[in-house]
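Summary of the model geometry
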Amino acid sequence: MPAFLSSLNARAYALMRIMTGFMFLWHGVQKLFGYPSPMPDGVPAFIIYVAGPIEAFGGALVMIGLFTWQAAFLSSGLMAAAYWMGHGTKAFLPSVNQGELAALYCFVFLFISTHGAGIWSVDAARGRKGA
C-alpha cells in the first residue's frame with residue numbers, strides 16, 4: 001500500500017463507520033416512522049418493532065461513535081439473523097436471494113465491533129478504551 005494511503009487509514013475508517021451508521025439509521029427510521037417511504041404492507045410486526053429500534057438507535061450510536069463496539073456487535077447479529085431468516089431460506093448465495101445488503105452490513109458491523117470507534121467519535125472524546 002502506498003505510504004500516502006496508509007497515512008489516511010484512521011480517517012478512512014472513521015468515514016466508513018460514520019456512513020455505515022448513517023445509512024443503517026435510515027433503515028430503522030423507515031421501519032418506525034415510514035419515512036422517507038412507508039414499509040410495504042404485510043411486513044411482520046417483529047421486523048418493525050424489534051429490527052426498527054436496533055437499526056435506528058444502533059445506527060445512530062455507531063455513527064456518532066458512542067458505545068460503538070456494543071452497538072455494532074448487536075447490529076451485526078441483527079443483520080446475520082435478517083440474512084438467514086429473510087434471505088437465506090430462499091437460496092444460499094446473496095446474489096440470488098437479494099441478501100447482499102444484509103450480508104454486507106453484518107460483516108461491516110462485525111469489523112467495526114472488533115476495531116472500536118476510532119477517531120472522530122464520542123468514545124474517543126471521552127477517552128474510552130477501544131476508541
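Our structure is the block above this text.
Residues numbered from 1 in each chain as written. Predicted model: local features only at pLDDT ≥ 70, side-chain atom pairs only at ≥ 80, totals over all residues. Heavy atoms only, no water.

This part covers the nonpolar core. Among the nonpolar cores identified, the biggest contains 17 residues, and Phe24, Val62, Leu78, Met79, Phe109 and Ile112 are the most heavily contacted of them. Elements supplying a minimum of two residues to this core: helix 2 (9-33), helix 3 (45-64), helix 4 (68-87) and helix 6 (100-115). With residues near it in sequence (within four places) discarded, methionine 79 still touches Phe24, Glu55, Ala102, Tyr105 and Cys106. (Core = buried A, V, L, I, M, F, W, Y, C linked by side-chain atoms within 4.5 Å. Buried < 20%, exposed > 50% of the residue type's maximum accessible area, 1.4 Å probe, protein only. Helix = DSSP H or I, 4+ residues; strand = E, 2+ residues; numbered from the N terminus. Contact = heavy atoms within 4.5 Å.)

Right, let's talk about helix 2 for a bit. When the terminal C-alpha atoms of helix 2 are compared, their 36 Å separation across 25 residues agrees well with the 36 Å that a helix rising 1.5 Å per residue should span. Buried residues of helix 2: Tyr13, Ala14, Arg17, Thr20, Gly21, Phe24, Leu25, Gly28, Val29, Gln30 and Lys31, and no others. In this fold, the buried residues of helix 2 make contact with helix 3, helix 4 and helix 6. Directly beyond the C-terminal end of helix 2, a positive phi value near 65° is found at glycine 34. (Expected span 1.5 Å × (residues − 1).)

Running from N to C, helix 2 and helix 6 cross one another at 130°; their axes reach a closest spacing of 11 Å. Classed by the angle they form, the pair helix 2 and helix 6 counts as oblique. Once helix 2 is placed against helix 6, the crossing between them reads as left-handed. Residues Tyr13, Met16, Arg17, Thr20, Met23, Phe24 and His27 of helix 2 touch helix 6, and the partners they reach there are Leu101, Tyr105, Val108, Phe109, Phe111, Ile112 and His115. Class assignment for the residues of the contact of helix 2 with helix 6 results in ten nonpolar, three polar and one charged. (Axes fitted to C-alpha atoms, helices over the stretch in contact; angles between N-to-C directions. Parallel < 35°, antiparallel > 145°, perpendicular 65-115°, else oblique. Left-handed = near helix turned anticlockwise from the far one by under 90°. Nonpolar A, V, L, I, M, F, W, Y, C, P; charged D, E, K, R; others polar.)

Among the structural elements, phenylalanine 22 can be located in helix 2. Judged by its relative accessible area of 35%, phenylalanine 22 is partly exposed. Once you skip the residues sitting within four places of it in the chain, phenylalanine 22 turns out to touch Gly59 and Met63.

With respect to the helices and strands, the residue aspartate 123 is situated in helix 7 (residues 122-125). Aspartate 123 sits in the buried class, given a relative accessible area of 6%.

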